[in-house]
Each structure stands twice: as C-alpha cells, then as structure tokens.
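Observations on the three-dimensional arrangement
What follows is the residue order along each chain.
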Amino acid sequence: MKPQHQHDQKQMPQRPVGSLGVLGQLADFLDDRTGYRALMHEALYERVPGGARWRYVWGSTLVFAFMTQVITGLVLWSSYSASAQTAWESVYYIQHEMTGGWLLRGIHHVMAQAMVVLLALHLMQVVIDGAYRAPREVNFWLGLVLMMLVLGMALTGYLLPWDQKGYWATRVATNLAGLVPLVGPSLQQIVVGGPDYGHQTVTRFFAIHAGFLPATLVLMLVVHLSLFRKHGLCAKQPITRPDAMFWPDQVLKDAVAMLAVMAVVLGVILMPAVRAMLEGRPIVPGELGAELGAPADPSQPYAAARPEWYFLFLFQFLKVFEGWGASGEFFGAIVVPGLVMTAMFLMPILGRWQLGHRFNVAFTFALLAGIGLLTAMATNEDYAALWADRSSFADVEKLLEETENDKAKIAAHFGNDVAKIAAFEVRAKKLERIRHSQSFLDAVAMAKADASRSIELAGRPERIPSAGMLELIRNDALSQGPKLFAQHCASCHAHVDPAAPEAEAVLAKASAANLHGFGTAAWMRGLLDPKQVAGPAYFGNTAHKEDDMVNFVQNDLTDADTWKPDDIEAVIAAMAAEAGLAAAGTAPAVIEKGRGLVADGDRCGSCHTFRDNGVAAGSAPDITGWGSREWLVGIIVDPTHERFYGDSNDRMPSFGKAGEGSAPILTGRQIGLIADWLRGDWYRPAGH
Amino acid sequence: MTRDKTSDESAADRRGFMTKLLAVVCGGLATLPPVLAGVWMFLDPLRRRGAAATFLPVTDLASVPDDGIPRQFAVVADRVDAWTGFAAEPIGAVYLRREKGSDTVEALSATCPHAGCFVEMESQERCFRCPCHNSKFTLDGGMVAPSPSPRAMDGLECQVAKNGEIAVKWQNFYTGIAEKVARP
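Residues numbered from 1 in each chain as written. Chains lettered and ligands numbered in written order. Predicted model: local features only at pLDDT ≥ 70, side-chain atom pairs only at ≥ 80, totals over all residues. Heavy atoms only, no water.

1. Some points on the overall build of chain A
For chain A, the count of helices and strands is 26 helices and four strands. The C-alpha radius of gyration computed for chain A amounts to 35 Å, which surpasses the reference 26 Å derived for 688 residues by more than 25%, pointing to a less compact arrangement than a globule. Along the longest, intermediate and shortest principal axes, the C-alpha atoms of chain A span 130 × 75 × 55 Å. Across the 688 residues in chain A, those meeting the buried criterion constitute 45%. Accessible surface computed for chain A: about 35800 Å², of which carbon and sulfur atoms make up 63%. (Helix = DSSP H or I, 4+ residues; strand = E, 2+ residues; numbered from the N terminus. Rg over C-alpha atoms; globule rule 2.2 N^0.38 Å. Buried < 20%, exposed > 50% of the residue type's maximum accessible area, 1.4 Å probe, protein only. Areas by Shrake-Rupley, 256 points an atom, 1.4 Å probe, with all protein chains shown as cover.)

Following this line, the structure appears as structure tokens:
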C-alpha cells in the first residue's frame, strides 16, 4: 500500500517466528541493520582456484603479525614515556617491574623480526608464482611500499628504549640519511628533531613508529587487500585440483601457519628460560624476551654497536666501499639500495616476458643469497674469535711483537724467503681478524655488564633520580671506576687479583703497585711480606724499590725477636681498620694492639706519622686513615703533598691539582669514583 | 544409492565442521598470547599500593598563630612515582589551625571530599571554598549547606611534639561518599 512499507518489506525479509533463540534474534536484529552476514559471506567465501595451499599463507601471517604488533604496541604505549630522561626508565619499568611486561615486550620485539622473515617469504612466493603480472602490478607495488613501511617501523622502534644499542645504531642510520643528495642534511635534522639527539629525537621516532608509519600501513593494507580480492588469488599453475572456498579450507591453513609463527616467537622468548631450568639456574623473567642495554650515553664509546640482524647485510655492504671515502657511503647506502628497489619496482613490467620473469626470479634469489652471504660475513667477522683457535697463532703473535711489525725485520727473520714471508702475512692477517673479533666480543661482554649494572641500580629502593638513569650510572663507582682507572691509572698501576692466572703477565707490564684490594688486610699482608715488597705487585717497579720501606720490611720485620708473627698480623688488622675495610670479626683488641705498634717510634712510627704519635710530616706518608676514602682521594689529588710522598713522589701525577693555566686532570667527582671503586665501595642489592 | 550419498554428505559435513572448528581453535590460540600478555600488563596498576599512612613533620607550633585562622602548609615526603624516586618533595597540602590560647592543632586535608579538587581559603569571607563546584566549608571544616560535598572536610590526625614540631598523619580518602574512608 505504502511504498515505504514495501521498501521495508524488501529490506527485512520475513523469517519464521519462534524458531530462533535469543542469540538468533539478536543476530537477525544486527544483520537487518548492518548487513554483516553478507559482509562475512563476502569476506569468507572467496573462491580459491585449485584449492587451498600452504604457499598462500604468507600474506595472512603478515596481517596476523601486524595485528599482534598493534595489540602489544598499544599496551606498551600505555606505559612508555617518550623523552631522553624517561624512555630507558619506562622501558626498564615495563621489562623488569610490571607484570607480564617482559612477555609483552618480548612478543613485540621477536614478532618484529618474524615479520621481516615473513616479508621475505611473501615476496618470494609472489615473485616465483609470477603474481605481480597484469593486472596485479599496482598491488605488487603496494606490497613493496608496505615492505618499506615495515622496515621503517623496525628501524624506528630500535631507538625507542633509548639504550646504547638503539642510540648508536640510530646515529648511524640518521647520518646515512644525511647523505641523500640536496635534502639529506635537512632530512636528518627533521628526523632527529634538531641538530642534536635528545628529547625531540625520541618523541619524533615514537610518533613515526607508532603513528605515521602504522597509519599509512593500515591505509595501504586496506587497498592491498581489496585489490587482492578484486583480482582474486593468483593460483599456482597448472591447476590440477578442484577449487575450494577460502573459508574454511584456506583459513585453516592460514590459522595453522599463524599458530606456528606465534609458537616460534614464544619459543625464542622462552628458550633461555628452558635452558636456565635445565641447568638449574633461577629464571629471571626480566632477562627474557627483548634486551635492554645500558642507557644511551653520548660520552661513552660503544664498540658493540651493530644494527638489528636483518640490517646487518647493509652494515657489511658499506664495508665493501671502505676505501672510497664519503662517496663510498653514498654509493653503498643510497645508490645501490636505491637501484635494487628500482629493479624490484620494475619487476611487473619486465615480467611481461617469460625471460623477464625468469630474470626476476633469478634476481630475487641472487638478492636473498647476497643478503645471506653479507650477513654471514658480518657474523663471521664479529664472532670469528669464538671458533678460531688463537693459540695456533702464538708464533705469529710472538714474531709480530718481537719485530714490532717491522716489514724489514720480518723479512730478515725469514731469510728474505718470499714464499715464507707471504705465508706469514696471510696468517698475520687472519690473526688480525681474530683480534678484531675478540675486541668486538669484549665490547659485547662489557655492554652486557653495563646493562645488568644499570638494571641493578634502577632497582635500588631509592629508585631512579628525576634526572634519569644516566646520572645514577655516571655516579656509580662499579661502572665508572674501571673505565677511569683504565684511562688514567692503568698505564702504570696494575689492578689484578694476584691469584688470577693472568696476574704474572699483567704485573710484568706494570710500573707501579698493584691496587687490587688496596686497603684490605690481604693487600697489607703482601706489602709486609719480605718476598713481595720489592716485587712487581708493590715497590718492585718503582723508584722506591730500594727505599727505607723495602729495607725495613726485608730486614727489620724478619727479626723474629722484635716482630712476632702476631705483631705483624696486628699491624695488618690495624691498617685494614684505618681503611674501614677490616674483615668482619676482627677482634678490637687486636686492632688496638696493632695501632700501638704502628704508632711506636721504634717501629712504623720511626718514619710514618700515625694518629697522634707526633712524627713530623715529610719523612714518609702519613698513614692515619690509610686506605680510607678521604686518604685515597687525597693521594690521588696530590701525591706530592707533604702528607704523602712529598718530594720523593715517584712519577704519579697530581690528578686533582690545577696546573698553571690548566684545569686539574680529573674532577673531584671522578677521583671520588676511583677511590670508591678501589675500596670496593658501591651499591650492592640486598642479598648479594 | 540415496542412502550412500547421504552418508557421504554427512561425512563431508563433519569434515567441514572439523575444519572450521580447527581453524577457529588455531586462530584463537595464535591470538591468545599477545592478548593475554597485554591484559596481564595493562592490569599491573591493580597490584600497586600507595605509601602507608604515616606521620609526616609539617611545621612547628610557632608557625601556626593561635587566632583560629587556618594556614596552608606543604606536606613534604620522599615519593616514588613508578621508576622515579623523589627525595623530600612536596606531596600535598594541609590546613593547620589553632584556637586562642590552645596548644592543640587541628589539621584539615586540602582535598575536597566532593571530587578531589584543592579547597582554597577565602580569608575575606572567613570560609573554605572549593573552586570546582563551589563546596563551602566553615573555618573548622564543617559543612555549609547547601553543598555539593557529601561530607565535611577531612580532618587529619595531628601530633604536637614537646619541641613544638607538628606532624600530620598523611592520608587520602575516597571522595564523593558521605563516609570518610581512607584509601589503601
């Protein structure tokens, strides 16, 4: 009767009433208003020519991987704090303190790598099956753009924890971007957020990683999928089996593949836990999944810097152009990758001819083989020392040291035998590579130690200062002490456990006392040992080699009538107590006795000032508070002060004293860190 | 014939059903880890507890004149915000008030019991007023009807030491309800 009513009739077909449950009625209600059944039908009942195949699963696994990244990424976002002062700190909090944070971050991190592998597989399947050919060219190009978007997300995500690894890798990547002709420097400055790396770098990379790139990717993906549906699946030829429907046959294969991908991802995350369990070690969840290095520090060298493994081939490729200077980097990082991408974009055009298609397939395989080869080369260069037998190069090492790598001397050694020299040079090169690899491995070990120390410090009950983790690390004696010592003290002083196997070799190279355990009873016991006092661990390699102290230890202390063994032990205990490092349980009476002996004008007090024994300064160092922080800082600041060695100071610089028109070598803070480190005075978590 | 075909068909149906079931189960299982890990981490705040209510030194008796007029003081304490530790930081404010000649100090939380805004003192009107929804309180924190606030201002336990140092038991209370209930 009424047209409107008729229209309604058409939209809402009559259904048998009463035969449906509540759910069925609800479904009808929804379908009437959304038409979801038709949509579902459209989505699921796509014809798959020749039936479902495993080779078609890669696209679906990529969508699945992307969805996983969206879910995990959004939750990570809810706890991530993008700034140079809080990025590391918030990632630490996620990884080590929030429930399940390690698992979520682990999935996000490993799935990102899985995605790169899946991309390669998807691309290979498309090229081999010739699925890029007309009319699917545009969709292939879209796929390449999607690939670059995914790689861009991988690159930007690497920085976000703002740890040493991400920081240095990003510096390299952005510097390479600066090589792009004309716009390079501006491009770099825009991405970095200014002339320097900092807050704006983190916020920009975060916006690019979690906003620009995924939003663009979703748009592209929608077009990619709708074009895929428009053209239908490009079936593997020849078709020998009956067609099937996407749902459920292909969906089942896709779902199994997704499950397999997730199983591999979880396997990678949980493998170290299984290993720990088998070896009976405790499982620390925070150590599973994605790594977190030490916080980014532009003032600390980071020799362990490497890009993520899937960019390692590019890193290695750049080495090919090492001798070329800046134009080499431009060629390796911009021109060649640009040409490769261009060749890939041209594939659908070339693929119109059978020969062109064969070329495309060969090109893809060659590309992957090249990437594989470069990756293997990079890995080999870095890890060669792990599997090479360095001891078999002992003769080469010895000869290089003896001849100081002087070509003429080496030639003379081999009696100018050209063949022998050539063979030697080959082995010397191999040794050089092993040494390179070893220094990389050492850097990795150092980076690991720095990382776990940062995490230990971040867990202090006082928590991280508002200035950020870097401030805490820079004031930590355990992490800074060894670096400062290596830089300023180790050219003369050794710092090696006398019981260690390498101790002899290290001590032989030192020209001042071994400071390992300085302030402890063990150190003092060695000093008062007639066999050791003139040895390399004490005064042996110094100007004090034949001074009064050595004479005293070797002649007076050995007189058992004046110095009973108990007396010497008492002196040792008293001196360790001065340092505040006396062993727990040392009897106070013993220390008191030792103090009396040290002050005694006929014993130590004949030269040394000690407490109120009245000995004038200048004849020997004042040993009141010997080995304490204050005493150590004092002697490092100025050993030529009359409180210490005065005029008889050997070669030790006055590290804390300003020279004429020059600042002191070390700041007070640095000297304090060295003193604390030597005394073993640093934060230790409860229970350690 | 017909019978056979029917059993063939029902076998195909069963196979189809198993395929669908397996597809859904596999897909579901694959999606489960990120979803569960996400929910697990997202709910982490539920297991966090605020600092226990403790007496914190605020000021001394001499700084609170005995004229019945409340004065505002900052409450200073060490504070932990997720990963950051702040040493001796202002974490809130209290009003302290002393009647003429009295050594007893009354402490009021500056947090409005209605919706948690910062209650301000109007010295001219000699009352407290919340700038958000105009809750009004007398100088001793009592309700002035009509008020959006369901209860009077929250009093805080207060101790005056022999040396005159005033310490306040710093607590937060649930807002918007008639009863004064401390947050855990």
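2. Some words on the pairing of strand β4 (residues 105-109) of chain B
Residues and elements named next belong to chain B. Most of β4 sits out of view: four of its five residues are buried. Where strand β3 (residues 84-98) lies against β4, five bridges are found, and the strand directions are antiparallel. The residue bridging leucine 96 from the neighbouring strand is alanine 107, located in β4. Two successive antiparallel strands, β3 and β4, enclose a turn made up of six residues, where glycine 101 displays a positive phi of approximately 75 degrees. Relative to strand β8 (residues 155-156), β4 runs antiparallel, the two being bridged by two bridges. (Pairing = 2+ DSSP bridges.)

3. Observations concerning the packing of helix α23 (residues 565-579) of chain A against helix α24 (residues 588-599) of chain A
Residues and elements named next belong to chain A. Where α23 meets α24, the closest approach of the two axes is 7 Å, and the angle between their N-to-C directions is 95 degrees. Comparing their axes, α24 and α23 come out roughly perpendicular. Judged by residue contacts, Asp566, Asp567, Ala570, Val571, Ala573, Ala574, Met575, Ala577 and Glu578 of α23 engage Val590, Ile591, Lys593, Gly594, Arg595, Leu597 and Val598 from α24. Class assignment of the residues belonging to the contact of α23 with α24 gives a composition of 10 nonpolar, one polar and five charged. (Axes fitted to C-alpha atoms, helices over the stretch in contact; angles between N-to-C directions. Parallel < 35°, antiparallel > 145°, perpendicular 65-115°, else oblique. Contact = heavy atoms within 4.5 Å. Nonpolar A, V, L, I, M, F, W, Y, C, P; charged D, E, K, R; others polar.)

4. Thoughts on the packing of aromatic side chains
All names here are of chain A. Taken as a whole and assessed by the stated rule, the structure comprises 27 aromatic pairs over all chains. An angle of 90 degrees between the planes, with centres 5.1 Å apart, marks the rings of tyrosine 167 and tryptophan 168 as edge-to-face. Overall, tyrosine 167 belongs to the buried group, its relative accessible area being 3%. An aromatic cluster of three or more residues is present, and its members are Phe518, Trp523, Tyr538, Trp626, Trp631 and Phe644. Geometry around phenylalanine 246 places arginine 229 over its ring, the cationic atom sitting 5.2 Å from the centre. Here arginine 603 stacks its cationic end above the ring of tryptophan 563, 4.7 Å away from the centre of that ring. (Phe/Tyr/Trp six-rings, centres within 6.5 Å; stacked < 30°, edge-to-face > 60°. Lys NZ or Arg CZ within 6 Å of the ring centre and 35° of its normal.)

5. With respect to the domain arrangement of chain B
Here chain B is partitioned into domain 1 (2-45) and domain 2 (55-169). Of note, the centres of domain 1 of chain B and domain 2 of chain B, computed from C-alpha atoms alone, are 60 Å apart. (Domains from an automatic or database assignment.)

6. Notes on the sheet that holds β8 of chain B
In spatial order, the strands read β2-β3-β4-β8 (chain B); together these four strands make up an open sheet with antiparallel pairing. In this open sheet, the two edge strands, each paired with only one partner strand, are β2 (71-81) and β8 of chain B.

7. Details of the nonpolar core
Generally speaking, a soluble globular protein has its nonpolar side chains buried in company with each other. Residue and element names in this part refer to chain A. Counting 78 residues, the largest nonpolar core has Trp88, Met111, Phe140, Trp162, Leu217 and Met469 as its most contacted members. Ranked by residues supplied to this core, first place goes to helix α6 (residues 101-128) with 13 residues. Not counting chain neighbours up to four residues away, the residues in contact with methionine 111 comprise Phe64, Ala65, Thr68, Gln69, Gly106, Val261, Met262 and Val265. With 51 residues, the next largest nonpolar core counts Ala503, Ala510, Leu597 and Phe610 among its residues. (Core = buried A, V, L, I, M, F, W, Y, C linked by side-chain atoms within 4.5 Å.)

8. Here we look at the interface of chain B and chain A
The interface is formed by 28 residues belonging to chain B together with 40 residues belonging to chain A. Around 2700 Å² of area is buried between chain B and chain A when both sides are counted, 78% of it from carbon and sulfur atoms. Contact with chain A buries surface across chain B, with Trp40, Met41 and Trp83 of chain B losing the most and accounting together for 30% of the total. On inspection of chain B and its partner chain A, the count reaches zero salt bridges. For the pair chain B and chain A, the interface holds eight residue pairs in polar contact (both at pLDDT 80 or more). Those elements that provide at least two residues to the side of chain B that touches chain A are α1 (2-42) and β3 of chain B. Residue contributions to the side of chain B that touches chain A peak at 19 residues, all from α1 of chain B. For the side of chain B that touches chain A, the class distribution of residues is 17 nonpolar, seven polar and four charged. (Buried area = accessible area lost by both parts, 1.4 Å probe. Salt bridge = Lys/Arg side-chain N within 4 Å of Asp/Glu carboxyl O. Polar contact = N/O pair within 3.5 Å; in protein donor to acceptor, adjacent residues only side chain to side chain.)

9. Let's talk about helix α10 (residues 199-231) of chain A
Residues and elements named next belong to chain A. Over its 33 residues, α10 extends 46 Å from the first C-alpha to the last, a length consistent with the 48 Å expected when each residue adds 1.5 Å. Most pronounced at isoleucine 208, the bend in α10 amounts to some 40 degrees. Within α10 the residues assigned to the buried category are Thr201, Val202, Phe205, Phe206, His209, Leu213, Pro214, Leu217, Leu221, His224 and Leu227. Elements that come into contact with the buried residues of α10 comprise α4 (57-77), α5 (87-96), α6, α7 (137-157), α8 (164-177) and α9 (184-192). (Expected span 1.5 Å × (residues − 1). Bend = angle between axes of the 7 residues up to and from the residue.)

10. Some remarks on the sheet that holds strand β1 (residues 55-60) of chain B
All names here are of chain B. Ordered by their spatial adjacency, three strands build an open sheet running β1-β10-β9, and the pairing between neighbours is antiparallel. Whereas interior strands pair on both sides, the edge strands pair on one side only; in this sheet they are β1 and β9 (158-160). Strand-to-strand twist in this sheet, taken as the mean axis angle between neighbours without regard to direction, amounts to 25 degrees. The pairing of β1 with strand β10 (residues 165-169) spans five bridges and is classified as antiparallel. Bridge pairing in β10 links proline 57 to alanine 167.

11. So, the side chain of threonine 609 of chain A
Within the secondary structure, threonine 609 of chain A is located in the loop between α24 and α25 (629-637). In terms of polar contacts, threonine 609 of chain A uses its side chain to reach the backbone carbonyl oxygen of valine 615 of chain A, at 3.0 Å.

12. With respect to the pattern of salt bridges
All names here are of chain A. Taken as a whole, this structure holds 42 salt bridges over all chains when the rule is applied. Across the salt bridge formed by arginine 595 and glutamate 592, the nearest N and O atoms sit 3.2 Å from each other. Residue arginine 595 and its partner glutamate 592 are both found in helix α24; the two are separated by three residues, about one turn of the helix. Taking relative accessible area as the criterion, arginine 595 reaches 19% and is therefore assigned buried. A salt bridge links arginine 643 to glutamate 630, with the nearest nitrogen and oxygen atoms 2.9 Å apart. Here arginine 643, found in the loop between α25 and α26 (668-678), pairs with glutamate 630, found in helix α25; they are 13 residues apart in sequence, far enough to count as distant. Among the charged side chains, a salt-bridge network with shared partners connects Glu578, Glu592, Arg595 and Arg611.

13. Considerations on a nonpolar patch on the surface
Together, Phe17, Met18, Leu21, Val25, Leu29, Leu32 and Leu36 of chain B make up an exposed nonpolar region whose accessible area comes to about 650 Å². Looking at the element boundaries, leucine 32 of chain B is found in helix α1. (Patch = residues over 30% accessible without salt bridge, like charges linked within 9 Å, V, L, I, M, F, W, Y side chains within 5 Å.)

14. A look at a positive patch on the surface
Residue and element names in this part refer to chain A. Positive charge collects at one region of the surface, where Lys407, Lys429, Lys430 and Arg433 lie side by side. In terms of residue count, helix α17 (residues 418-458) provides more of the positive patch than any other element does, three residues in total. Counting through the fold element by element, lysine 407 comes out in helix α16 (residues 407-413). Note on lysine 407: relative accessible area 64%, which makes it exposed. (Lys, Arg positive; Asp, Glu negative; His and termini not counted. Charge placed at Lys NZ, Arg CZ, Asp CG, Glu CD.)

15. Focus: the domain arrangement of chain A
In terms of domain boundaries, chain A breaks down into domain 1 (55-294), domain 2 (306-384), domain 3 (388-470) and domain 4 (477-678). One C-alpha centre belongs to domain 1 of chain A, the other to domain 4 of chain A, and the line joining them spans 57 Å.

16. What about α26 of chain A?
Residue and element names in this part refer to chain A. Of all 11 residues in α26, nine are buried, a share of seventy percent or more. Burial in α26 covers these residues: Gln670, Ile671, Gly672, Leu673, Ile674, Ala675, Asp676, Trp677 and Leu678. On the buried face of α26, the contacting elements are α18 (469-474), α19 (477-488) and α25. Taken from the residues just after α26, glycine 680 is the one with a positive phi, measuring 70 degrees.

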